[in-house]
Amino acid sequence: MNGKKFTQFLLEWNKALNNRPMPWKGEKDPYKVWLSEVILQQTRVEQGWAYYEKFVKQYKDIKALAKASDEAVFKLWEGLGYYSRCKNLLFTARTVAEKYNGVFPASYEEIVQLKGIGPYTASAIASFCFNLPYAVIDGNVFRILARVFGIDTPIDSTAGKKQFKELAEQLLDREQPGIYNQAIMDFGATVCKPALPLCSSCHLNSICAAFKNATVSNLPVKEKTLQKKLRWFSYFIFHANDTTFIHKRTAKDIWQNLFEFYLVESDAAPSWTDDKVETLLATRLGIKQFSNVTVITALPQQLTHQTIKGYFISINLAEVPQVLSGANDRWVTTEQMKNLPFPGFINQHLQNKNIQASLF
DNA sequence: AAATCGGGGTC
DNA sequence: GACCCAGATTT
């Protein structure tokens, strides 16, 4: 075990060679650190960067965020994915505003109890803001430790999680946990990268087991592989009286709390002939008067665990049907739609339509 | 312990 | 197409 040298070399690298600017780096305000960490959960720094800047500009402190409307905050989060993060962000902002009078709690135990904050995020906040000795364990840390110490225990196994956690806590510089945690993540993102790591110029290659054994590309090990589902979404865009029908998604499924048009999901690829559209409108919605049916093939959207394909079917209705006025249903103008969050699958379609319209 | 939850980048 | 990303929550 080369623990002492690992920590020493990492901090040396950090001081001499780490040049990675980020807007939240060195930040001590728990609100901003928390916000950045939640945005960055399973999200690349480059992708989260602009979202962080939008949020801190729009909501200066946690009380301001707590007072914001759900829809305004979801609109700001739109396109970032994993929308339960946004839901929990709002919940925790309101918890801190009420229960803690707007002052972020300063102990790990209190922090980790907040919604949307797990072991990683709590460790990050505790170390960055309060100099508490908690080691962050994220994808970077798993990868670096697996390579440097030559550990092939699967990182997604129970044994692996325990083993890497113990090692990470052992390696932490307890005098400067914030500096150390920032350093190890910067190192993973810029040197010990998932693909094509910079081994030949790495400051730690003299103590790296994987470099010595030429097993860098085999580490870390994962045991589970994900499989992707294919889903067919046909969205009926109903227009009536200069408004459009939209629906807020509330099911335990993707895109919860985002809006959509009238959805018909099918197991296999549908074919929307005039007859099938007519039958569907009549049987499911009791609609008999309609016009200007246009069917457009959607651009497929790749999610991590599923592929979404489908169609957008635009239809003019003579009047608003009774069945489409549930609690989560709305008829909105184009202007109102702009302030509401939609999935990328839908925004993609709306954008393409605007581009085509502007050509005339 | 396993399944879910997005969207974007890299190879 | 497969894998990964400053993970957390639910089942």
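Residues numbered from 1 in each chain as written. Chains lettered and ligands numbered in written order. Predicted model: local features only at pLDDT ≥ 70, side-chain atom pairs only at ≥ 80, totals over all residues. Heavy atoms only, no water.

An unreviewed UniProt entry lists chain A under the name Adenine DNA glycosylase, from Panacibacter microcysteis. Recorded under Function (unreviewed entry), the UniProt text for chain A is reproduced unchanged: "Adenine glycosylase active on G-A mispairs. MutY also corrects error-prone DNA synthesis past GO lesions which are due to the oxidatively damaged form of guanine: 7,8-dihydro-8-oxoguanine (8-oxo-dGTP)." In UniProt, chain A has this text filed under Catalytic activity (unreviewed entry): "Hydrolyzes free adenine bases from 7,8-dihydro-8-oxoguanine:adenine mismatched double-stranded DNA, leaving an apurinic site." (UniProt positions renumbered as here; feature names shortened; annotations may be inferred.)

Hey, could you run me through the overall build of chain A in this one?
On a plain count of helices and strands, chain A comes out with 15 helices and eight strands. Dimensions of chain A along its principal axes, counting C-alpha atoms only, are 75 × 50 × 40 Å. Put simply, chain A has 360 residues, and 47% of those count as buried. In chain A, 42 side chains carry a positive charge and 33 a negative one; their mean positions are 4 Å apart. (Helix = DSSP H or I, 4+ residues; strand = E, 2+ residues; numbered from the N terminus. Buried < 20%, exposed > 50% of the residue type's maximum accessible area, 1.4 Å probe, protein only. Lys, Arg positive; Asp, Glu negative; His and termini not counted. Charge placed at Lys NZ, Arg CZ, Asp CG, Glu CD.)

Which parts of the structure should I look at to understand the nonpolar core?
When a protein is soluble and globular, its nonpolar side chains tend to lie buried together. Formed by 99 residues in total, the largest nonpolar core has its most connected members in Phe 6, Trp 34, Phe 55 and Trp 255. Shared between two domains, this core takes at least three residues from each, and those domains are domain 1 (3-218) and domain 2 (229-358). Excluding residues that lie within four positions of it along the chain, Trp 255 makes contacts with Tyr 83, Phe 233, Tyr 235, Arg 249, Gln 301, Leu 303, Ile 308, Pro 343 and Phe 345. (Core = buried A, V, L, I, M, F, W, Y, C linked by side-chain atoms within 4.5 Å. Domains from an automatic or database assignment. Contact = heavy atoms within 4.5 Å.)

What am I meant to see in the protein's contact with DNA strand B here?
Close to DNA strand B lie 24 residues; Arg 44, Thr 158, Ile 254, Trp 255 and Thr 304 are nearest. Here the atoms of DNA strand B within 4 Å of the protein split so that 53% fall in sugar or phosphate, with bases taking the remainder. The separation between a base nitrogen of DNA strand B and a polar main-chain atom of Leu 80 is 3.4 Å. Looking at side-chain class alone, the surface near DNA strand B contains eight nonpolar, eleven polar and five charged residues. (Near = heavy atom within 4 Å. Polar contact = N/O pair within 3.5 Å; in protein donor to acceptor, adjacent residues only side chain to side chain. Nonpolar A, V, L, I, M, F, W, Y, C, P; charged D, E, K, R; others polar.)

I would appreciate a short explanation of helix 13 (residues 274-285) in the present structure.
Note on helix geometry: an α-helix contains 3.6 residues per turn, so any two residues three or four positions apart are oriented the same way. Compared with the 16 Å implied by 1.5 Å per residue over twelve residues, the 16 Å span of helix 13 between its first and last C-alpha is a close match. After helix 13 finishes, the residue Gly 286 shows a positive phi value of roughly 65°. (Expected span 1.5 Å × (residues − 1).)

Would you take a moment to explain helix 3 (residues 45-58) for this structure?
With 14 residues, helix 3 extends 20 Å between its outermost C-alpha atoms, agreeing within 8% with the 20 Å of an ideal straight helix rising 1.5 Å per residue. Within the span of helix 3, buried status applies to Val 45, Gly 48, Tyr 51, Tyr 52, Phe 55 and Val 56. Turning to helix 3, the residues buried within the fold contact helix 2 (30-40), helix 4 (62-67), helix 5 (70-77) and helix 6 (84-99).

Is there a simple way to think about the pattern of salt bridges in this case?
Opposite charge on two side chains allows them to pair when their charged atoms are near. The final tally for this structure, using the stated rule, is 13 salt bridges. In this structure, Glu 223 and Lys 224 form a salt bridge, with 3.4 Å as the shortest nitrogen-oxygen distance. Residue classification places Lys 224 among the exposed residues on the basis of a relative accessible area of 52%. The salt bridge involving Arg 231 is made with Glu 265; its shortest N-O contact spans 2.8 Å. (Salt bridge = Lys/Arg side-chain N within 4 Å of Asp/Glu carboxyl O.)

Help me out: how do you make sense of the pairing of strand 2 (residues 243-248) in this one?
Examined bridge by bridge, strand 1 (residues 229-240) and strand 2 share two bridges and lie antiparallel to one another. Across the sheet, residue Ala 240 finds its bridge partner in strand 2, namely Thr 243. Sheet analysis places strand 2 next to strand 3 (residues 259-260), joined by two bridges and oriented antiparallel. The partner of Lys 248 across the bridge, within strand 3, is Phe 259. (Pairing = 2+ DSSP bridges.)

Help me understand the protein's contact with DNA strand C, please; the structure alone is not making it clear to me.
Around DNA strand C lies a shell of 27 residues, among which Met 22, Glu 37, Gly 116, Tyr 120 and Arg 143 are the nearest. What you see for DNA strand C is that sugar and phosphate hold 61% of its atoms within 4 Å of the protein. One of the side-chain N or O atoms of Trp 24 is found 3.0 Å from a base nitrogen in DNA strand C. Gly 139 is positioned such that a nitrogen or oxygen atom in its backbone is 3.2 Å from a phosphate oxygen of DNA strand C. For the surface near DNA strand C, the elements supplying multiple residues, two or more each, are helix 2, helix 8 (119-130), helix 9 (139-148) and helix 11 (177-190).

Can you walk me through the packing of helix 2 against helix 3 in this structure?
A pair of packed helices can be characterised by two numbers: the angle between their axes and the separation between those axes. Look at helix 2 against helix 3: their axes get within 9 Å of each other, and the N-to-C directions meet at 140°. Considering the angle they form, helix 2 stands oblique to helix 3. Read as a crossing pair, helix 2 and helix 3 show a hand that is right-handed. Facing helix 2, whose interface residues are Tyr 31, Lys 32, Leu 35, Ser 36, Ile 39 and Leu 40, helix 3 presents Val 45, Gly 48, Tyr 51, Tyr 52, Phe 55 and Val 56. For the contact of helix 2 with helix 3, the residue count by class is nine nonpolar, two polar and one charged. (Axes fitted to C-alpha atoms, helices over the stretch in contact; angles between N-to-C directions. Parallel < 35°, antiparallel > 145°, perpendicular 65-115°, else oblique. Left-handed = near helix turned anticlockwise from the far one by under 90°.)

Quick question: what am I supposed to make of the UniProt feature "domain: HhH-GPD" (unreviewed entry) in chain A here?
The sites that UniProt annotates as "domain: HhH-GPD" (unreviewed entry) are residues 39-190. Span residues 39-190 is 67% helix and 0% strand, its end C-alpha atoms 20 Å apart.

Could you clarify how one ought to interpret the side chain of Thr 243 in this entry?
Its place among the elements puts Thr 243 in strand 2. Classification of Thr 243 as buried rests on a relative accessible area of 15%. Within the structure, the side chain of Thr 243 is placed 2.6 Å from the backbone oxygen of Ala 240, a separation counted as a polar contact. Filtering out sequence-adjacent residues up to four positions away, Thr 243 remains in contact with Phe 238, Trp 331, Val 332 and Thr 333.

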